[in-house]
Amino acid sequence: MAAADSPSAALRRRDLCSRGIRLAGKMRSDVIDLLDTYVEQQGLDASASVAAVEGVPAAAAERWDEQTGTQRLLDNLAAYRAFRALLAQMLEEQREQLGEADAALGRALAAVLLQVSAFAYHLEELLRLESRGPPSEEGAGPPPPPHLSLFERKLRGLGVLRELAQWAVRSARDLRQLAKPGPGSSSAPSPAESP
Amino acid sequence: MFSAWNWVACGLYLLLNICFLEVSGGLVQSCGHIIPESPVLALGSNFTALCILNESCLDFGNIYANQIIWKIKNRVVPKEQYREINRTVSSVTFNDTSSLATPLTCNILADGQIEQNIYGITVTIGLPPEKPKDLSCIVHQLSKLTYPMTCTWNPGRHTFLDTHFRLKYRWPQENFPDCIPKDVNNSCTITDVQFFVNLEVWVEAANALGKAESDPLVLDPIEIVKPLSPHNLSVNSGILPTVLKLSWENRISAAVMKLKFNIRYRIIGDTNWMQVPPEDTASPRTSFSVQGLRPYTEYVFSIRCMKEDGVGYWSDWSEEKTGVTTEDKPSKGPPIWRIIDASRSPASWTVHLMWKALEPFEANGVILQYEVTVRAKSSLSSPPEKYSVNTTNLTLKLPNGTYEVTVIARNRVGASPPSVLLIPASNLKAPVKNVRTLPKDGKLWVGWTAPNSYVLKYVIEWCLVSNSSDCITEWQNEPGNVQGTYLKGDIKPFKCYLITVYPLYADGQGSGQSVKAYLQQDRPSKGPTVQTKKVGKAEAVLTWNHLTVDEQNGFIRSYTIFYKTIDGNETAVTVDPSKTEYTLSSLTSDTLYTVRMMAYTDEGGRSGPDFTFTTQKFGKGEIEAIVVPVCLAFLLIVLLGVLFCFNKRDLIKKHIWPIVPDPSKSNIAQWSPQVPAKHNFSSKDQMYPEGSFTDVSVVEIEADDKKSFSEQDLKPFDLLKKEKSTSEGHSSGIGGSSCMSSPRQSVSDSDEGEATQNTSSTVQYSTVVLNGYRDQTPVQVFSRSESTQPLLDSEERSEDHAGGGDSATQRQQYFKRNGGQDETNTDRPCFERTKQITPANEGDLVGFAQMQISGQSSQLLGTELEKNTQEAALSDVLQASTEGQTVRPETVEGSPLSVDEMPKSYLPQTVRQGGYMPQ
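Quick caveat: nothing in here was measured; it's all calculated off a predicted structure.

Attention now goes to the state of the cysteines. Residues and elements named next belong to chain B. All told, the structure shown has three disulfides over all chains when counted by the stated rule. In this model, Cys137 is linked to Cys151 through a disulfide, with the two sulfur atoms separated by 1.9 Å. Residues Cys137 and Cys151 share a disulfide whose torsion about the S-S bond is about 105°; that sign makes it right-handed. A residue pair is termed long-range when its members are at least 10 positions apart, and Cys137 in strand β11 (residues 133–140) and Cys151 in strand β12 (residues 149–154) qualify at 14 residues. Classification of Cys137 as buried rests on a relative accessible area of 6%. According to the relative accessible area criterion, Cys151 is buried, its value standing at 0%.

So, on to the packing of helix α2 (residues 7–42) of chain A against helix α4 (residues 103–129) of chain A. Residue and element names in this part refer to chain A. Taken N-terminus to C-terminus, the directions of α2 and α4 make an angle of 155°; their axes are 9 Å apart at the nearest point. Relative to α4, the element α2 is oriented roughly antiparallel. Once α2 is placed against α4, the crossing between them reads as left-handed.

This paragraph deals with the interface of chain A and chain B. Between chain A and chain B, the residue contacts involve 16 residues of the former and 18 residues of the latter. Taking both sides of the interface into account, the surface hidden between chain A and chain B amounts to around 1,500 Å²; carbon and sulfur atoms contribute 58%. When residues of chain A are sorted by the area they lose upon contact with chain B, A:Arg19, A:Arg22 and A:Lys26 head the list and together hold 40% of the total. On the surface where chain A and chain B come into contact, there are one salt bridge. Viewed at the interface, chain B and chain A are joined by five residue pairs in polar contact (both at pLDDT 80 or more).

The next subject is the pattern of salt bridges. Residue and element names in this part refer to chain B. Inspection of every chain in the model, using the stated rule, returns 29 salt bridges over all chains. With a shortest N-O distance of 3.4 Å, Glu478 and Lys488 are connected by a salt bridge. One end of the pair, Glu478, is in strand β37 (residues 474–479); the other, Lys488, is in the loop between β38 (484–486) and β39 (496–505), with 10 residues separating them in the sequence. Overall, Lys488 belongs to the exposed group, its relative accessible area being 57%. With a shortest N-O distance of 2.9 Å, Lys537 and Glu622 are connected by a salt bridge.

Turning our attention to the sheet that holds strand β24 (residues 287–290) of chain B. All names here are of chain B. In space, the three strands of this open sheet follow the order β20-β21-β24, with antiparallel pairing throughout. Looking along the sheet, the strands with just one partner apiece sit at the ends: β20 (231–237) and β24. Strand-to-strand twist in this sheet, taken as the mean axis angle between neighbours without regard to direction, amounts to 20°. As defined by bridge partners, strand β21 (residues 244–249) adjoins β24 across four bridges and the pair is classed as antiparallel. Bridging from a neighbouring strand, Lys245 pairs with Ser289 of β24.

This brings us to the side chain of B:Thr281. Residues and elements named next belong to chain B. Take Thr281: it is sitting in the loop between β23 (274–275) and β24. Of the polar contacts made by the side chain of Thr281, one reaches the backbone oxygen of Phe261; its length is 2.6 Å. Apart from residues no more than four positions distant in its own chain, Thr281 is found in contact with Lys260, Phe261, Asn262, Ile263, Val276 and Phe288.

Here we take up α2(A). Between its terminal C-alpha atoms α2(A) stretches 49 Å, which fits the 52 Å expected from 36 residues at 1.5 Å a residue. Just past α2(A), the residue A:Gly43 takes up positive phi, approximately 70°.

Attention now moves to the packing of α4(A) against helix α5 (residues 150–179) of chain A. All names here are of chain A. Running from N to C, α4 and α5 cross one another at 30°; their axes reach a closest spacing of 13 Å. When the interaxial angle is binned, α4 and α5 end up roughly parallel. Between α4 and α5 the crossing geometry is left-handed. Across the interface between the two elements, Val112, Val116, Phe119, Leu123 and Leu126 from α4 touch Leu164, Ser171 and Leu175 from α5.

Moving on to the confidence of the model for chain B. Residue and element names in this part refer to chain B. Taken residue by residue, chain B gives an average pLDDT of 74. The fraction at 70 or more is 68%. Every residue in residues 1–28 is under pLDDT 50, and counting partners more than four places away or in other chains gives 26 contacts. With pLDDT under 50 throughout, residues 675–919 is counted as low confidence; its partners more than four residues away or in other chains account for 473 contacts. Predicted complex metrics record ipTM = 0.84 and pTM = 0.56.

Moving on, we come to the pairing of strand β8 (residues 104–110) of chain B. Residues and elements named next belong to chain B. Among the seven residues in β8, six count as buried, and that is most of the element. The sheet contact formed by strand β4 (residues 68–72) and β8 spans five bridges and is antiparallel. When the bridges of β8 are listed, Ile72 appears paired with Leu104.

This part is about the nonpolar core. Counting residues in hydrophobic clusters, the biggest one holds 96 residues, and the most contacted among them are A:Tyr80, A:Phe83, A:Leu87, B:Met149, B:Leu167 and B:Phe301. Setting aside chain neighbours within four positions, we find A:Leu87 in contact with A:Leu109, A:Val112, A:Leu113, A:Val116, A:Val160, A:Leu161 and A:Leu164.

Definitions and limits used
- Residues numbered from 1 in each chain as written.
- Chains lettered and ligands numbered in written order.
- Predicted model: local features only at pLDDT ≥ 70, side-chain atom pairs only at ≥ 80, totals over all residues.
- Heavy atoms only, no water.
- Disulfide = S-S within 2.5 Å.
- Helix = DSSP H or I, 4+ residues; strand = E, 2+ residues; numbered from the N terminus.
- Buried < 20%, exposed > 50% of the residue type's maximum accessible area, 1.4 Å probe, protein only.
- Axes fitted to C-alpha atoms, helices over the stretch in contact; angles between N-to-C directions.
- Parallel < 35°, antiparallel > 145°, perpendicular 65-115°, else oblique.
- Left-handed = near helix turned anticlockwise from the far one by under 90°.
- Contact = heavy atoms within 4.5 Å.
- Buried area = accessible area lost by both parts, 1.4 Å probe.
- Salt bridge = Lys/Arg side-chain N within 4 Å of Asp/Glu carboxyl O.
- Polar contact = N/O pair within 3.5 Å; in protein donor to acceptor, adjacent residues only side chain to side chain.
- Pairing = 2+ DSSP bridges.
- Expected span 1.5 Å × (residues − 1).
- pLDDT = per-residue confidence, 0-100.
- Core = buried A, V, L, I, M, F, W, Y, C linked by side-chain atoms within 4.5 Å.

Structure follows, in structure tokens:
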């Protein structure tokens, strides 16, 4: 906590929040672009509704306003760690499926994956500034992918991207909330605090 | 012994050859090797190599380490650098590897003669890499989603080795593959970077001698982006004539970066850009309205962008797009001026109205026409006259008076405010004062002092003054509150401009004040041609013409006259530029001078052609001063001479113009009795002391006898004849001469006539006197008698015998004047003429008959010589006798002949000279 109070820490926190917000914005923009490419590339209908995918964290949260900052960071970190694994899995599947035929989709997926990874790093740094430290990744990853058909994998990928876009919006809002000067944000225990 | 060693050496050589053949054949049987094998060495370090001989070779070839020779290329390494470690190992040490070269070989000198290579290594010398410096990165946006990052660095010194550079970068939690430069060693491009995460970037350089890393650069790539410039720029006219609206598209997502913009614009054709204030475009946008533009003007626009917070790089300027603002009413009326020509008619003016076309920023559109209104101020009742013209001038013929002229320019939108010009009947208002000019910044500035009255505006007229072209008036308006302006026109240097400033008042105009000016002066293009107007002894009046305006190139400030003699120093005289004549004084007389003249402007002078003149030898009046006195003196001398002559005229006359006594007026009775008493006839010897004198009554001489006279003897006679020629007609001739010259003829004619009358009873006779002059043959002298009495032999004889004075006296009495002594050369014609007149006078006939005997006048020459020489004396005698019958024997003095020998009185015998003697 003492670290959080120091001016440099506050500056660092503000900087991380600021750049996290913009990274979330760019991530969302890129994911939206990627979604169009993905839907077109995978032959899906953009309006197709995708049920909740197992292992994909949902951006919607109840009583979002009541969450503490740490809770928000932990939720975000858990989600992006999950997205990182899912996207890496999608990228692998993409390469297996299309090979190098569609390098653009692969590069876009890789770029989004990097951004997700970078955002997760931002969250970890913010958590360190909260004197909390990021939770261990062990056991935090998604469950091993079930054997799914190709179409189900495509739909799952669509669901991952859509949910990532949602999370990008939420993350920006969470970071804005964190950036606001105010009472200690980690007073309330976060449900994600325990693995 | 020697042969044994030779055999050993040959054997060794063969052995070594075999060994190397085996090696080259792949048998790998070397006699030694070098450690280290092909080392890479740092430049400047020390290095030690070992050559290790194989034991087998030792035994076989009797080779030891002390026989090893090290070589660099083909150069033997000095022995001081060797060290024999043992009998099979030799080392060589180099303190500085810069002296090394490839290959380094180990050689054996067998028996001190034969050198064989054992082994060789390649030595590579270089430098370890330096730490790369000055690492910097930039992210170039190539498309909406492509952001490659290019990093550059300074690789440091050349290492002479194969050095590899790697650009390494990583996130704190993630490493990325290295970026390896292609073909270069100082830059590398990472194809895609992610923003908003700090990236650690550094460069690693490595070669065989080591590795070095640059300082890491930690940055968020978003902070070093150079975005693509906005595109699809469009320019649209707004509602207002001063506004244009720009629209564009940004090519970077707002999610990536928010942008700010720069907008620049310029009037087409202009090179200077104007810029929209940056604070007006410091926020993200895709359109902007540029205000404050000129109506009806074409503008060029361009735009660029960068990250809103100013971190990063500006994009390039976008492509340029043009747009035109809409028209507006002309903002002002055209400047107007007039030229009044009053010379054609005394009662009316020809007024040339002229106005300037509005500048584009004033016209605000296309001027369709000008509306001119002329209103006479004197007669307000008369309606104004209106003219619509498309040109910028109008010529009107107006009665003398005051007029108000207004001009309006009209375009599609509307009309300009009117320009008003008052044309007064006369310019009697106060003029400006102190008009002056000043060249400044390549333009000509005109200043003046305003009059005391309020001035609406000023009109500045100017024209180029030239000999070759007319003065074409240009003009411009200036507001009434200024007192100076630059001339707006093509003002040329070295040209003279006549500038006139008119003040315009509300109720009239002032008279113009003029000044001449140059934008820039130069030396005159030529110098004055000087010549003399008048040249005197010590002064010369020089004259020249002023240079023409075109030749002056500036204001002529002065003239300088340079003059010098051929070998003298040049003298300079400065002359006022208004002069065209100058008098050089204190010149040397009769001297050639060279004179030239320079005309000076402020920038220098130029010399005219040389002119030479020579001063006069005499000054004015000097010649008169000399000539007049000389003439006067001459006249005086002449006058004195004349007076002297006049006073001494008698004497002169006596000498030059003797009076010949007229025998006809003589009276024998008066003088004959006295003569014998006075004369001494005692001896002819006294007269002719040499005894060469013979009196002959009749002498017959052959004509050829004349040849007895040499011509030399004759010449003096000729000269004497000439001297006497002027007076021959008056001088007494030789009476006895038979040469009948005309004077003599005339005398004889007339005198003879008288003589005939007066002495009709006398007997003519002649006496020929043969006179030998000195040793010469005596000259015959004729004494002619004019007696008409017949000659008696007795008388002749008695006379001859007596030789006395009586006969001589008688003879002399009958002598007549004979002035024809000069005619002695005309022998025969004289005789012929004489013959012709013979019938008229018998006496003459007789006389001539006697003379005819001689027939040779040449013989008379001698006689005449004497006659001549004594002629004066004779004449004196005659004169004396004529005047007063006074014998003046002294007058014969000075005769060429011996005066002492001459008789002192009248002697009839002395007719040898041909003189006549009274009887």
